[in-house]
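Report on the structure
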Amino acid sequence: MATYKKRGYKPKKEKVVEEVIEDTFDESQSDVAKTFEGLDEVANRSEQWIEKNSRPLFYGLVGVAVLILAYLAYNKFLAEPNEVTAANELAYPRSFFDQAEKAAGAKADSLYNLGLNGSADGKYGFLDIAKSFGSTKAGNLANYYAGITYLRQKDYKNAISYLSDFNSEDKLLGPTALGAIGDAFADIDQPAEALEYYEKAATKQDNEFTSPMFLFKAGQIAMKLGKYDKALNFYTTIKEKYATTQIGRDIDKYLNSAKYAE
């Protein structure tokens, strides 16, 4: 009897495909199993490490918690009350400083001294507040007032010292303090140092009050030092950026003097 194969019948190839699929599936299962074994091993090691170091970890967490609580307690029970006390103390010498700024001669000197040193009945002056509350905002501000007071009294060394201890990002006070240091150096005939601080003051905060004022002072000192190009640059900046200010409206004559200086 004759035998025949049905057209399209390919049993051998199908069997090969099935075997490949089975092998691939087995390999995948093997890889997954290895992955889980690795994860189990890592987890076991982590558990062992935690068990071994549980006490140091506990003490570490306790230490962090103690530091946080200490910081919060410091702010609540020490720093904040200190700020309030310092601000209240500062009001007394500031009243004398404000009066002195409007007075003249011996009266002004007497008022400046009261603001600087306080009174005999125990009221703090700027020097006391700067020393006792130096870490507070009021203590920082006391450095500024003490420095300006010394500048008014022509005690330039102390003026520079206290103003250097003052730090502020305020748009007016920050530049004014740096410019006052420049004034002190200018008054003791140290123009190079004065120029340095006038430049710092001019660029500390960009505004139409302090910036043109200290650019102009920097230009004057630069002219004195024979740095005409530098002076020209300061005056040009005033003309370009602050032309509508009082200094800006009068800057052309100074600009020309720098431009044609020999």
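Residues numbered from 1 in each chain as written. Predicted model: local features only at pLDDT ≥ 70, side-chain atom pairs only at ≥ 80, totals over all residues. Heavy atoms only, no water.

Of the regular secondary structure elements, the protein holds 12 helices and 0 strands. Counting from the amino terminus, the protein carries its helices and strands in the arrangement α-α-α-α-α-α-α-α-α-α-α-α. Across the 262 residues of the protein, 31% fall into the buried class. Here the analysis covers contacts within the protein between residues at least 6 apart in sequence; of these, 52% occur between residues at least 24 apart. (Helix = DSSP H or I, 4+ residues; strand = E, 2+ residues; numbered from the N terminus. Buried < 20%, exposed > 50% of the residue type's maximum accessible area, 1.4 Å probe, protein only. Contact = heavy atoms within 4.5 Å.)

A few words now on the pattern of salt bridges. Considering all chains together, one arrives at 8 salt bridges under this definition. Between E196 and K200 there is a salt bridge, and its shortest N-O distance comes to 3.2 Å. Of this pair, E196 and K200 both sit in helix α8 (residues 191-204), 4 residues apart, which is roughly one turn of the helix. A residue is classified by how much of its surface remains accessible, and K200, at 37% relative accessible area, is partly exposed. Among the ionic pairs, D252 bridges to K239, the shortest N-O distance being 2.9 Å. Of this pair, D252 sits in helix α12 (residues 252-259) while K239 sits in helix α10 (residues 228-241), placing them 13 residues apart in sequence. On the basis of relative accessible area, D252 is assigned to the partly exposed category, the value being 38%. (Salt bridge = Lys/Arg side-chain N within 4 Å of Asp/Glu carboxyl O.)

Before going further, it helps to examine the environment of D229. Looking at where D229 falls in the secondary structure, it is placed in helix α10. As for D229 and A258, which are separated by 29 residues in sequence, their C-alpha atoms are 7.2 Å apart.

Let us now look at unusual backbone geometry. Non-glycine residue K154 carries a positive phi angle of around 65 degrees. Within the secondary structure, K154 is located in the loop between α5 (137-152) and α6 (156-164). Here the phi dihedral of D189 falls at roughly 60 degrees; this positive angle occurs in a residue that is not glycine. Here D189 is to be found in the loop between α7 (173-187) and α8.

All right, on to the packing of aromatic side chains then. Counting across every chain of the model gives 14 aromatic pairs. For the ring pair F97 and Y145, a centre distance of 5.0 Å and an interplane angle of 75 degrees mean the geometry is edge-to-face. Of this pair, F97 sits in helix α2 (residues 54-102) while Y145 sits in helix α5, placing them 48 residues apart in sequence. Here Y145 falls in the buried class, since its relative accessible area comes to 10%. Ring centres of Y124 and F133 lie 6.3 Å apart, and the angle between their planes is 55 degrees; this geometry places the pair in the tilted category. Pairwise contacts between aromatic rings join F97, Y112, F126, Y144, Y145 and F166 into one cluster. A cation over a ring is seen here: K200 above Y197, with NZ or CZ 4.6 Å from the ring centre. (Phe/Tyr/Trp six-rings, centres within 6.5 Å; stacked < 30°, edge-to-face > 60°. Lys NZ or Arg CZ within 6 Å of the ring centre and 35° of its normal.)

Here we come to α8. Every α-helix winds through 3.6 residues per turn, so residues three or four apart in the chain are directed the same way. Relative to the 20 Å expected for 14 residues at 1.5 Å per residue, α8 spans 20 Å between its end C-alpha atoms, a close match to the ideal helical length. For α8, the set of buried residues is P191, A194, L195, Y197, Y198, A201 and A202. The elements touched by buried residues of α8 are α7, α9 (210-224) and α10. (Expected span 1.5 Å × (residues − 1).)

A word on the nonpolar core. In this structure, L90, Y144, L163 and Y235 are the most contacted members of the largest nonpolar core, which totals 54 residues. With 9 residues, α5 is the largest single contributor of residues to this core. Setting aside residues no more than four positions away along its own chain, Y235 makes contact with F216, G219, Q220, M223, I251, Y254, L255 and A258. (Core = buried A, V, L, I, M, F, W, Y, C linked by side-chain atoms within 4.5 Å.)

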